[in-house]
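# Fold and contact review
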Amino acid sequence: MRFVEGDCQLEDGLELIFTPGHTPGHQSISVRTQQKEYLIAGDQFDLYENYECCHPVGLYVNLFDWYQSYEKVKRMNVEVLPSHDPLLMSRKVY
């Protein structure tokens, strides 16, 4: 186990991204493939709508942090994979 603060590259193409808002220490995971980069958003974005429409999730501890994390992810130019959206299962391969 290793504690990290902020963003942290784990391996080539695999990075922890600090995305507080839902919880104080929330982290998302960036995965870069040959085709594109994905962000496994965890509970920062429960649904595609949370990200696409900039709607905060129903539960958060700091709304200011949530919006800062949202802007950070927008600048990353990744495909966001929300944690609870049934539409995730509409594709067989990512």
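Quick caveat, the model's predicted, so the values are computed rather than measured.

### What about helix α2 (residues 63-76)?
Given a rise of 1.5 Å per residue, 14 residues ought to cover 20 Å, and the 20 Å separating the end C-alpha atoms of α2 matches this to within 8%. All of the buried residues along α2 are Trp66, Ser69, Tyr70 and Val73. When α2 is viewed along its axis, its buried side chains cluster within an angular range of 105 degrees and face the same direction. Facing away from the buried side of α2 by more than 90 degrees, the exposed set consists of Phe64 and Arg75. Tucked into the core, α2 has its buried residues touching β2 (14-18), β4 (37-40), α1 (48-52) and β5 (79-81). Measuring from the backbone nitrogen of Phe64 back to the side-chain oxygen at the start of α2 gives 3.0 Å, which picks out Asn62 as the cap. Just beyond α2, the residue with positive phi is Asn77, at close to 55 degrees.

### Focus: the side chain of His22
Positionally, His22 belongs in the loop between β2 and β3 (27-32). Every residue in contact with His22, bar those within four places of it in the chain, is listed here: Asp43, Gln44, Val57, Leu59, Tyr60, Val61 and Trp66.

### Some words on the side chain of Glu79
Examined against the element boundaries, Glu79 turns out to sit in strand β5. A distance of 2.7 Å separates the side chain of Glu79 from the side chain of Lys36, its partner in a polar contact. Looking at Glu79, its side chain comes within polar contact range of the side chain of Arg91, at 2.6 Å. In this structure Glu79 touches Lys36, Glu37, Tyr38, Leu39, Arg91 and Tyr94, once residues within four positions along its chain are discounted.

Parameters and conventions
Residues numbered from 1 in each chain as written. Predicted model: local features only at pLDDT ≥ 70, side-chain atom pairs only at ≥ 80, totals over all residues. Heavy atoms only, no water. Helix = DSSP H or I, 4+ residues; strand = E, 2+ residues; numbered from the N terminus. Expected span 1.5 Å × (residues − 1). Buried < 20%, exposed > 50% of the residue type's maximum accessible area, 1.4 Å probe, protein only. Arc of directions from axis to C-beta. Contact = heavy atoms within 4.5 Å. Polar contact = N/O pair within 3.5 Å; in protein donor to acceptor, adjacent residues only side chain to side chain.

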